[in-house]
Amino acid sequence: MPTFTLIASNTVGSGGAATVTFSSIPATYTDLVLLASPRGSVAEDGFSVRINNDSATNYEFLQINGSGSAVASSSGTASSAAVGGRQPESGYTANVFGNNQFYFPNYAGSKNKAVAVDAVNENNATAARTQFTSDLYPQTTAISRLDAFPGSGAFVQYSSFYLYGISNA
Amino acid sequence: MLQFNSDTATNYSFTQVYGNGSTAASLRQTSVNGIWVGYGAYSQAGSTNPGTIIVNIQNYANATTYKATLSRANSRIGVEATAGLWRNTAAISTIVIKHQTATTYIAGSTFTLYGIAAA
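Now for a quick tour of the structure.

Counting its regular elements, chain A contains zero helices and 12 strands. Secondary structure elements of chain A occur, N-terminal to C-terminal, as β-β-β-β-β-β-β-β-β-β-β-β. Relative to the 2.2 N^0.38 estimate, which gives 15 Å for 169 residues, the radius of gyration of chain A is 15 Å and therefore close to what a compact globule would have. Each principal axis of the C-alpha atoms in chain A carries an extent, and together these give about 45 × 35 × 30 Å. Each of the 169 residues in chain A was classed as buried or not, and the buried ones make up 43%. Considering only contacts within chain A whose residues lie at least 6 apart along the sequence, 78% involve residues at least 24 apart.

As C-alpha cells, this is what we get:
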C-alpha cells in the first residue's frame, strides 16, 4: 500500500499567484509534506505557510542558515505564519527556482503543531541561502488548510507546490 | 540517539551543524556509541510543544557498505542537521531510539518508521 500519496498540486500560471492554497486537507494521513519550488516576482527571497488560515500572531520559529560566507541562527515569536521558505528573488539567475520541504508531523492530532522546514535558494552569484527552520504553531486543531505566500510580491509562473500525505498503514 | 542492530559499541560517528536561535555551531564526534540526532534540539521536558526529528537511513538493507544517515531535528530550543555513520556492513533490522542520558520520552511521544521503495 502506498505510504506517500499526492493530495494536491499547484503549478502557478502565467499571471503569477500571490497565494497558493491547499484546502479541505483530509485528516486520514499520519504526516503531511509540502514540497515547494517557487520563485519570487520581486526582490523577496522568503515565503511563509499559514495554517488553517490563522493570520494571528500565533507562530514561533527558530532557524539556522548559511549564506556561503557565514552561518547564523535566529528565532522569533508572534509571527503570523510558519516561516522559513526560500525562493530566488526576481534578480537571481534566470530559470532558477527554490527547493523547500515543509514537514508537518501528526498534523491531524490533538497536540500543538510543529513544522520542520528545509529550504534553499540557489543563485549563480554570491547571494544564496541554505536554511533549516523549526516552526511551532501552538494550536491543537487539526491542519486542514495551508496557504503559501511570499513576503512581498507574488510567485511567478512555473512555481510549483506539491502536498503529500504520508500514511503509516 | 540512534543505535542499530543492538550494537552499543563505539562504532558510530557523526557531524552536525546546529543553532539555538542566537548562535550557530558545528559538532563532530567519532567512535561513540550512537548517532546523536537530537543534540540541543529536543523538546523541553514536559513541554506540550513537540520536537520533530526526521532521519533518513540510506540503503539500509545492503550487506556491503557501512550505513549512513542524514537527519534533521527541530524544537523550540534548537535546530540541527546531522550526518551519521555506523561502521558496520550488516543490513539494519533493529533501530533503537533513546536519549543519551536516562531521560524518558513522555506519554504521547510518537515514533513512525517508513520504508521507501524504489518501485
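Once the structure has been displayed, the description carries forward.
Let us now look at the overall build of chain B. For chain B, the helix and strand inventory stands at zero helices and seven strands. Going residue by residue from the N terminus, the α and β elements of chain B occur as β-β-β-β-β-β-β. What you see for chain B is a C-alpha radius of gyration of 14 Å, in line with the 14 Å of a compact globule of 119 residues. Looking at chain B as a whole, 30% of its 119 residues qualify as buried. A separation threshold of at least 6 residues defines the contact pool for chain B, and within that pool the share at least 24 residues apart is 55%.

Here we come to the sheet that holds strand β6 (residues 79–86) of chain B. All names here are of chain B. Across the sheet, five strands lie side by side as β3-β2-β6-β5-β4; this open sheet has antiparallel pairing. Every other strand in the sheet has two partners, leaving β3 (24–32) and β4 (52–57) as the edge strands with one partner each. For this sheet, the mean angle separating the axes of adjacent strands, direction not counted, is 15 degrees. Looking at chain direction, strand β2 (residues 12–19) and β3 are connected through seven bridges and run antiparallel. Within β3, the residue paired with tyrosine 12 across the bridge is valine 32.

Turning our eyes to something else, we now look at the sheet that holds strand β2 (residues 20–22) of chain A. All names here are of chain A. Read across the sheet, four strands follow the order β2-β11-β4-β7 without closing on themselves; strand pairing throughout is antiparallel. Only two strands of the sheet have a single partner each, and these edge strands are β2 and β7 (82–86). Here the strands of the sheet are splayed against their neighbours by 25 degrees on average, with no regard to which way each runs. When β2 meets strand β11 (residues 146–150), the two strands line up antiparallel, connected through three bridges. Residue pairing in the sheet places valine 20 in a bridge with alanine 148 of β11.

Rules and cut-offs
Residues numbered from 1 in each chain as written. Chains lettered and ligands numbered in written order. Predicted model: local features only at pLDDT ≥ 70, side-chain atom pairs only at ≥ 80, totals over all residues. Helix = DSSP H or I, 4+ residues; strand = E, 2+ residues; numbered from the N terminus. Rg over C-alpha atoms; globule rule 2.2 N^0.38 Å. Buried ≥ 20, exposed ≤ 12 C-beta atoms within 10 Å, placed from the backbone. Contact = placed C-beta atoms within 7 Å. Pairing = 2+ DSSP bridges. Axes fitted to C-alpha atoms, helices over the stretch in contact; angles between N-to-C directions.

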